[in-house]
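Report on the structure
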Amino acid sequence: MEVGRLRAFVDGRWAAIREEVRAQIRASELLRPVDGLSIEDYRARVLEQARMVSQTKSARLFFPREYGGEGDMGGALTAFETIALVDLSLLVKVGVQYGLFGGVIRRLGTERHHQRYLRAAMTMELPGCFAMTETGHGSDVQSIRTTATYDASREAFVIHTPDDDARKDYIGNAARDGRMAAVFAQLITGGDGRGVHVFLVPIRDERGRPCAGVRIEDCGLKGGLNGVDNGRLWFDQVRVPRDALLDRFGTVARDGAYSSPIANETRRFFTMLGTLVSGRVSVAGAGLSATKLAMTIAIRYGLMRRQFRAAGADQEVIILDYLQHQRRLLPALATTYAMHFAQEGLVESLHKAADGDSANESEQRQLETLAAGLKAVSTWHTTQTIQTCREACGGAGYLSLNRLTELKADTDVFTTFEGDNTVLLQLVAKGLLTNFRDEFGSMDTVGLVRYVADQVVGAVLERTAARSLAQWIADLMPGSEEEANLLDRRYHLYLLAWREKHVLEAAARRLKKLMANGGDAFTAFNAVQDHLLLAARAHVDRVVLEYFAAAVDRCGDPEVKALLSQVCDLYVLALLERDRAWFLEHGQLSAARAKAIITNVNRLCRELRPHARLLVDAFGIPEELLRDLVKSPDPALPLARRVTTRWEDGPRSWGPS
Ligand SMILES: Cc1cc2nc3c(=O)[nH]c(=O)nc-3n(C[C@H](O)[C@H](O)[C@H](O)COP(=O)(O)OP(=O)(O)OC[C@H]3O[C@@H](n4cnc5c(N)ncnc54)[C@H](O)[C@@H]3O)c2cc1C
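Residues numbered from 1 in each chain as written. Predicted model: local features only at pLDDT ≥ 70, side-chain atom pairs only at ≥ 80, totals over all residues. Heavy atoms only, no water.

Considering the site of the ligand
- If you check the shell around the ligand, you find 17 residues, and the closest are F130, T133, S139, D420 and Q529.
- Contacts to the ligand include M132, whose backbone N or O atom sits 3.0 Å from an oxygen atom.
- Q426 is positioned with one of its side-chain polar atoms (N or O) 3.1 Å from a nitrogen atom of the ligand.
- When the free accessible area of the ligand is taken as 970 Å², the share hidden by the protein chains comes to 66%.
- For the shell around the ligand, the secondary-structure elements that each account for two or more residues are strand 4 (168-171) and helix 13 (421-434).
- Ranked by residues supplied to the shell around the ligand, first place goes to helix 13 with three residues. (Near = heavy atom within 4 Å. Polar contact = N/O pair within 3.5 Å; in protein donor to acceptor, adjacent residues only side chain to side chain. Areas by Shrake-Rupley, 256 points an atom, 1.4 Å probe, with all protein chains shown as cover. Helix = DSSP H or I, 4+ residues; strand = E, 2+ residues; numbered from the N terminus.)

Listed below in structure tokens is the structure:
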């Protein structure tokens, strides 16, 4: 099959934008990976690259038309995903500038903030930071301790860092380039705390010197992403005018009177954070790009590299012809495809929901929950897969030149920033337990437990997402295991939906029981935390399969469709193989069926092996970004080379002698 056919489908709705960014990468020396730069030179290069991006359509896509942008959220996320192939420091640098700094002004600010700052954020005339995290509080943003106290006599807010625990930490763009920071702080007016709000605070003057009262420190060398200047910020009674408050969800009048369209403080807080969902989606997309790049390197290398000679063969064996090499790489490749189509679906939804800001609160919550769940599962897949790819390239994979060590180091923290994955999965569980109803927004964890406990069991189950799965499961359910074909997509969906429903209901029951026995809400929650995380994970696995299955269904090219269907089979069977203990324990798989799954994973690996090169080429990684390791594949190897060794004979004489 010609790769263009598969790529056209994989590139999807924003194919033209992907192609445009690929062309920019091919055309520009500045957008090539370079090794061995000092931190300072690396930061300077990344800044130069970011400035170059700011002159292109990629930057404009994210911003509204009224301020010189193109208002195309799906296009913007796709462009960022493609830029990530160049260098993840560049992706994070532009992500902080547009997605976080520009994004928070756009989402939490009002028209005067938009008019004053959006264009300058887009062109990078005003390099900005997103200063939320503090040394003492990362995941628990609601407990940050920087204060913004309103002084009515001077119509100003006083931004203050009470101690070192409350300094802003890890802030991208702070150590070197940022001139303004969107600072998250506890708003205090008239002596009353109003919860976390965001303030635009200048941190450097035109000449790059820290502003009065602002102290800045460099975080120094990191485990990766060293082209980004992460820093710490302290504020010593820094005054900013009243309109420095981004006041879409809470405003302060001249006299200090506070008003907000959202009365409940927790709900207001989650609404504010929820509008920043695009950053999370962007991180998942960038992680996937890194995974695709790593897979391309490892598969191509696997097709070139030979080790050990089979008895009687005139050539050594191509390593991708070893079953175990296929097993390491091909299920990971299938999962990368699955994540790709799920990510594509999420980007579509975000694009549709008026740029991620849906009018319907329940829909908005569902979107945020999906973004949180996919970010977690996808970035864990990234971390695992890049390590696998490194190992699959042996010693060559460990040379910086070949990019895998860089990808590993740079994506490592994707599981932590833009929301720690474990914390994000708890958000997913909360959404599932409340079925995204109105109560969702105003509940913290303890509130969630009380909510579940306050209802009779039937009502709890009625209100969880499990209930809406029930009918669906009944429709999909095979009469018996024997009747179910192991390759039937409906059977796959049934198994994953059944697990999700079962785990969710069991977690709700346990919570309720613990509370009925007089437990306190936190202890009850903590006792079932692992169960809640499993429910979230089961939910994401089911949703990802749905997206993949839907992509296969809508594919109009029969040959592409057949290939993707096989890839989807491998994705789901490898998942069932991984989790077969659970399905066996819960009577959903017999021992014989569990063994049949293993046999089928082996079979699919063998059958997809001839298509491995095609499947990675469809990701469209520009050759300019690949290094010598895999740049010139052995011309003697046709794309769909057949395995020449007789596998039935098993490994005989090609072990080390
Ligand atoms: C390179 C880099 C760049 C960053 N850029 C920015 C930036 O530009 N702006 C910004 O504001 N922030 C930034 N951050 C901060 C980042 O968002 C935080 O590191 C992240 O939110 C996690 O917070 P934490 O580091 O305090 O970890 P913690 O929240 O302390 O988590 C530590 C561990 O505890 C676990 N944990 C926490 N709570 C729970 C719980 N309830 N249940 C179970 N386990 C739990 C977590 O899973 C984790 O394993 C950046 C961080 C890094 C490393």
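Read on for the rest.
What about the sheet that holds strand 7 (residues 214-218)?
- Spatial ordering of the open sheet is given by 4-8-7, a layout of three strands whose pairing is antiparallel. The outermost strands of the open sheet, each flanked by one partner alone, are strand 4 and strand 7. Averaged over all pairs of adjacent strands, the angle between their axes in this sheet comes to 20 degrees, without regard to strand direction.
- By the bridge criterion, two bridges tie strand 4 to strand 8 (residues 231-235) in an arrangement that is antiparallel. (Pairing = 2+ DSSP bridges. Axes fitted to C-alpha atoms, helices over the stretch in contact; angles between N-to-C directions.)

Things to note about unusual backbone geometry
- One non-glycine residue, N173, lies in positive phi territory at about 80 degrees.
- As for its position among the elements, N173 is in the loop between strand 4 and strand 5 (180-189).
- On the basis of relative accessible area, N173 is assigned to the buried category, the value being 1%.
- Even without a glycine there, the phi angle at E418 is positive, about 55 degrees.
- For E418, the location among the structural elements is in the loop between helix 12 (404-412) and helix 13. (Buried < 20%, exposed > 50% of the residue type's maximum accessible area, 1.4 Å probe, protein only.)

So, the packing of helix 11 (residues 361-392) against helix 12
- Close contact between helix 11 and helix 12 brings their axes to 9 Å; oriented N to C, the two are set at 165 degrees. Comparing their axes, helix 12 and helix 11 come out roughly antiparallel. Here helix 11 and helix 12 pass one another in a crossing that is left-handed. Across the interface between the two elements, T382, T383, I386, Q387, C389 and R390 from helix 11 touch L404, L407, K408, T411 and D412 from helix 12.
- When grouped by side-chain class, the residues that make up the contact of helix 11 with helix 12 number four nonpolar, four polar and three charged. (Parallel < 35°, antiparallel > 145°, perpendicular 65-115°, else oblique. Left-handed = near helix turned anticlockwise from the far one by under 90°. Contact = heavy atoms within 4.5 Å. Nonpolar A, V, L, I, M, F, W, Y, C, P; charged D, E, K, R; others polar.)

Section: the confidence of the model for the protein chain
- Averaged over all residues, the pLDDT of the protein chain is 91; the fraction at 70 or higher stands at 91%.
- Contacts for the low-pLDDT stretch residues 633-657, under 50 throughout, to residues beyond four places or in other chains number 36 contacts. (pLDDT = per-residue confidence, 0-100.)

A word on the pairing of strand 8
- Most of strand 8 is tucked away, with five of its five residues classed as buried.
- Judged by which residues are buried, strand 8 turns out to be covered on both faces: G231, L233 and F235 on one side and R232 and W234 on the other are all buried.
- Inspection of the sheet shows strand 7 paired to strand 8 by five bridges, in the antiparallel sense. Of the residues in strand 8, the one forming a bridge with I216 is L233.

Overview of the packing of aromatic side chains
- Applying the stated rule across the entire model yields 17 aromatic pairs.
- Where F522 meets F525, the ring centres are 6.4 Å apart and the plane angle is 45 degrees; that geometry is what we call tilted. Note that F522 and F525 are positioned in helix 18 (residues 521-527) at a spacing of three residues, about one turn of the helix.
- Residue classification places F522 among the partly exposed residues on the basis of a relative accessible area of 47%.
- Given a relative accessible area of 7%, F525 falls into the buried group.
- Counting every residue linked through ring pairs, the aromatic cluster contains F9, Y337, F341, F548, Y571 and F619.
- The positively charged end of K430 is found above the aromatic ring belonging to F270, 4.2 Å away from the centroid. (Phe/Tyr/Trp six-rings, centres within 6.5 Å; stacked < 30°, edge-to-face > 60°. Lys NZ or Arg CZ within 6 Å of the ring centre and 35° of its normal.)

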